[in-house]
Amino acid sequence: MGCFLLVLLLLANSSRADDGYRLWLKYDLLRDAGKREAYARSAQFISIQNNSRASSDPVLKTAAQELQAGLQGLLGKPVPIITSVPNKTGGIILTTGTGAESQSLNDEGYQITRRQNNLVITGKSSAGVLYGAFALLRQVQTLQSLEGIALTSSPKVRYRLLNHWDNVNGTIERGYAGSSLWKWYELPERIDPRYRDYARANASLGINGTVVNNVNASSRFLTGEYLEKVAALANVFRPYGIRVYLSVYFPAPKTIGGLNTADPLDPQVRQWWANKTKEIYAAIPDFGGFLVKANSEGEPGPQDYGRTHVDGANMLAEALAPYDGVVMWRSFVYKADPKGDRFKAAYEEFKPFDGQFNRKVIVQVKNGPIDFQSREPFSPLFGAMPRTPLAMEFQITQEYLGFATHLVYEAPLFKECLESDTYAKGKGSTVAKVIDGSLHGYPITAMAGVANTGSDRNWTGHTMGQANWYAFGRLAWDHTLSSEAIAREWVNMTLTNEPAAVSQITNLMLRSREIYVDYTTPLGLHHIMGYGIHYGPEPWKANASRPDWNHTYYHRADSIGVGFDRTATGSNALSLYAPDVQKLWGNAETCPLPYLLWFHHVPWTKKLSTGRSLWDELCTRYYTGVDSVAWMQRQWTQVKPVVDPEIYADVAGRLATQHKEALWWRDACVLYFQTFSRQPIPAPFKKPERTLDDIKRLVNTYQLR
Ligand code: BDP
């Protein structure tokens, strides 16, 4: 008997082990029986309101099925999908319509209300209903009441996309969670069930598009062979309201088209793109469009033929003219000019073209002027191109944020940028208002996130990285949501509903980005990470093949001080911003400390607003940053009793790695910068036990090939 009990206990325990595959869509039985019953009273059936169009709509069907699977899991009882509504009450009705109730919604919005004791999910489109279904599930997963529920929500931007930097050979550029999700060698014949789970996860957030291949694109994706594979993916994604897009290799007319030029003004080249686009739409009728990286980091582009970004983008837009597709043309460009400032490059190249792009073109801009650093001021292009729709490009994958070993919750980083004021039309002209089109009346709006997904069982390597995918999706839908609200939702849905633990984990997540900044690049330092792989510290890098790939270019440390003077006495990149922004950041005395070294070369001895000298403040940040990682470890230990053991161990292990590497960062940076400041490590901190040479030897091995 005792033995039998033990087996039962073991079984119960092992069934709790969670490999993270189910993300935030776990749908495990709610523990509180009272709550389960209350929800069940409102969820006795699901019905698609009878109209002939609706019953065959695959997206509506998905909505009903997702609701059914979710509710059955959460409530532990069957929830039938019934075809008609014979005055029945106590159920959930799904309905599309353009009636009065949906007036306030945009095309993909939803409304959840109570009508005659039914819960009614209304959308103008079936996609809206699908998003409403996931919103209802979220209410239950986060234990919100359904009594008197009245939710209305519409996405603030139209195109909400993941960008996958995935290659033909299954590798992922800057991917840290295994290999590509797309098994090109098996497609189109074998459909990995995971494709559907990928679509579910995205749809649950409102993501409605995915660029499946790397911006450093291979022309192979445009061959008939690959279009068939991409079409097979599109077929899986379609019932989830997700469209596929492709990154294109600009010289494709040469590499796969047999032409001897890819000049965008050449009639044959234009015809080639028109034909290719027609071929794509024949295979994928709801194809979303093209993403282009051109004349950037060695990628070819229109400038190779003496043409411009406008010529290139407009050519592709014309090819798309007969279809419902768009061109996302990236502004990530910079030149190897030792006298220039990379900060200004995208602005200088793109701003003069404002108003010249075809109406189907969106210029996709990285959040900051350099490159996805842990903190950047917003790109000066935001607010500067009123007549060109600009899309936001965030990086979810943690290329510069410690890969999949450092816990960095990115919502505060995304929000910081979105809430920055461009002052383009006076106070309150936030980046978010540029992106959602409300500031300049953009006809199309978009937000893209470079994905952090891969073939790892838990999708993102670091389990907590799932929260970054989640946060990106939620903010692309509604940028007004707070980082805290998003974290709470995610923790409730993914880790635990236990209130004290939810608060504790949420707090840890909210602080994590600032902690990362503190032990890597405090006070506005930037671009001093390991050369090439972008991992670990390497502030001493000074022999790169391009001046703007040296890290000394960015920090400019000397015996006087450190930081990049971007005021009028330096590169004057500040002048690209509106006068109010210049005022905010232009004076070293008043510049907020997070941005200080982005804009000023500050003497080591300069007294800061904290009361400490720059050198002492820098050291304080590096040391307290490391201590804060130890704090995160302790916080995590405390939630052990209420978090799944497998997930607990995964995160605990990665936090230990993070602590070890935070120490590398600290020692590397304080010892290196000390060679310039020539000042001691301030009390109460103890000087590192290793020497600069020791730490250089250690982290330089990362660069070995
Ligand atoms: C850089 C990455 C590089 C990308 C590039 C881009 O290191 O791998 O190709 O961004 O965005 O940060 O095009």
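Residues numbered from 1 in each chain as written. Predicted model: local features only at pLDDT ≥ 70, side-chain atom pairs only at ≥ 80, totals over all residues. Heavy atoms only, no water.

Some points on helix H7 (residues 224-237)
Right, so step 1: With 14 residues, H7 extends 20 Å between its outermost C-alpha atoms, agreeing within 8% with the 20 Å of an ideal straight helix rising 1.5 Å per residue.
Right, so step 2: Looking only at H7, the buried set comprises Tyr226, Leu227, Lys229, Val230, Ala231, Ala232, Leu233, Ala234, Val236 and Phe237.
Right, so step 3: For H7, the secondary structure elements touched by its buried residues are helix H6 (194-205), strand S8 (209-211), strand S9 (243-248) and helix H9 (267-283). (Helix = DSSP H or I, 4+ residues; strand = E, 2+ residues; numbered from the N terminus. Expected span 1.5 Å × (residues − 1). Buried < 20%, exposed > 50% of the residue type's maximum accessible area, 1.4 Å probe, protein only. Contact = heavy atoms within 4.5 Å.)

Side note on the domain arrangement of the protein chain
Right, so step 1: Along its sequence, the protein chain is organised into domain 1 (2-153), domain 2 (159-481) and domain 3 (518-564 + 601-702).
Right, so step 2: Spacing between the C-alpha centres of domain 1 and domain 2 amounts to 32 Å.
Right, so step 3: Contacts between the two partners involve 18 residues from domain 1 and, on the opposite side, 24 residues from domain 2.
Right, so step 4: With both sides pooled, the region where domain 1 packs onto domain 2 buries about 2000 Å², and carbon together with sulfur makes up 56% of that total. (Domains from an automatic or database assignment. Buried area = accessible area lost by both parts, 1.4 Å probe.)

Things to note about the site of the ligand
Right, so step 1: Near the ligand lie 14 residues; those nearest to it are Glu173, Lys293, Arg330, Asp371 and Glu399.
Right, so step 2: A distance of 2.7 Å is found between an oxygen atom of the ligand and a side-chain nitrogen or oxygen belonging to lysine 366.
Right, so step 3: Between the ligand and aspartate 371, the relevant distance is 2.6 Å, taken from an oxygen atom to a side-chain nitrogen or oxygen of the residue.
Right, so step 4: In isolation the ligand offers 320 Å² of accessible surface; the protein chains occlude 97% of this area.
Right, so step 5: Partitioning the shell around the ligand into residue classes produces four nonpolar, two polar and eight charged. (Near = heavy atom within 4 Å. Polar contact = N/O pair within 3.5 Å; in protein donor to acceptor, adjacent residues only side chain to side chain. Areas by Shrake-Rupley, 256 points an atom, 1.4 Å probe, with all protein chains shown as cover. Nonpolar A, V, L, I, M, F, W, Y, C, P; charged D, E, K, R; others polar.)

As for the sheet that holds strand S6 (residues 151-153)
Right, so step 1: An order of S2-S1-S3-S5-S4-S6 is seen for the six strands of this open sheet, with the pairing classed as mixed. Each edge of the open sheet carries a strand with a single partner, namely strand S2 (81-82) and S6.
Right, so step 2: Here strand S1 (residues 46-48) pairs with strand S3 (residues 92-96) via three bridges, running parallel. Note that in S3 the partner of isoleucine 48 across the bridge is leucine 94.
Right, so step 3: Helix H4 (residues 58-75) contacts S1, S2, S3 and strand S5 (118-123) of the sheet and is inclined by roughly 160° relative to S3. (Pairing = 2+ DSSP bridges. Axes fitted to C-alpha atoms, helices over the stretch in contact; angles between N-to-C directions.)

Here we look at the pairing of strand S12 (residues 361-366)
Right, so step 1: Of all the six residues making up S12, six are buried; the element is thus mostly covered by neighbouring parts of the structure.
Right, so step 2: Taking every second residue as pointing to the same face, both faces of S12 are buried, with Val361, Val363 and Val365 on one and Ile362, Gln364 and Lys366 on the other.
Right, so step 3: Pairing of strand S11 (residues 326-330) with S12, which is carried by four bridges, proceeds in the parallel orientation. In the sheet register, tryptophan 329 faces S12, and the bridge partner there is valine 363.
Right, so step 4: Running through helix H11 (residues 342-350), the crossover from S11 to the neighbouring parallel element S12 is right-handed.
Right, so step 5: As defined by bridge partners, S12 adjoins strand S13 (residues 390-395) across four bridges and the pair is classed as parallel. Bridge assignment links lysine 366 to a residue of S13, and that residue is glutamate 393. (Right-handed = clockwise from strand over helix to strand, strands pointing away.)

As for the confidence of the model for the protein chain
Right, so step 1: The pLDDT averaged across the protein chain works out to 95; a share of 96% of its residues lies at or above 70.
Right, so step 2: Predicted confidence for residues 1-15 stays below pLDDT 50, and this span has zero contacts to residues more than four positions away or in other chains. (pLDDT = per-residue confidence, 0-100.)

A closer look at the packing of aromatic side chains
When we look at a pair of aromatic rings, we describe it by the centre distance and by the angle of the planes.
Right, so step 1: Summed over all chains, the structure comprises 44 aromatic pairs.
Right, so step 2: In this structure, arginine 342 is placed above the aromatic ring of tyrosine 334, and the distance from its NZ or CZ to the ring centre is 3.7 Å.
Right, so step 3: It is arginine 511 that lies over the ring of tryptophan 631; its NZ or CZ is 4.2 Å from the centre. (Phe/Tyr/Trp six-rings, centres within 6.5 Å; stacked < 30°, edge-to-face > 60°. Lys NZ or Arg CZ within 6 Å of the ring centre and 35° of its normal.)

Things to note about the side chain of arginine 566
Right, so step 1: Looking at the secondary structure, you find arginine 566 in the loop between strand S15 (561-562) and helix H18 (579-586).
Right, so step 2: Once you skip the residues sitting within four places of it in the chain, arginine 566 turns out to touch Asp341, Phe343, Ile370, His526, Ser571, Asn572, Ala573, Leu574, Trp598 and Phe599.

Some details on the UniProt feature "active site" (unreviewed entry) in the protein chain
Right, so step 1: UniProt marks Glu297, Asp371 and Glu399 with the feature "active site" (unreviewed entry), using the numbering shown here.
Right, so step 2: Residue position: glutamate 297 is located in the loop between strand S10 (289-292) and helix H10 (309-320).
Right, so step 3: Leave out the neighbours within four places in its chain, and glutamate 297 touches Phe332 and Tyr334.
Right, so step 4: When you line up the elements, aspartate 371 lands in the loop between S12 and S13.
Right, so step 5: Beyond its immediate stretch of four places on either side in the chain, aspartate 371 contacts Phe332, Arg342, Lys366, Glu376 and Tyr400.
Right, so step 6: Here arginine 342 takes part through its side chain, which lies 3.4 Å from a polar atom of the side chain of aspartate 371. (UniProt positions renumbered as here; feature names shortened; annotations may be inferred.)

Comments concerning the sheet that holds strand S14 (residues 446-450)
Right, so step 1: Strand order in the closed barrel made by the eight strands is S7-S8-S9-S10-S11-S12-S13-S14, with parallel pairing throughout. Averaged over all neighbouring strand pairs, the angle between strand axes comes to 25°, with direction disregarded.
Right, so step 2: Of the pairings in the sheet, the one linking S10 to S11 comprises four bridges and is parallel in character. From the neighbouring strand, glycine 289 faces S11, where its bridge partner is valine 326.

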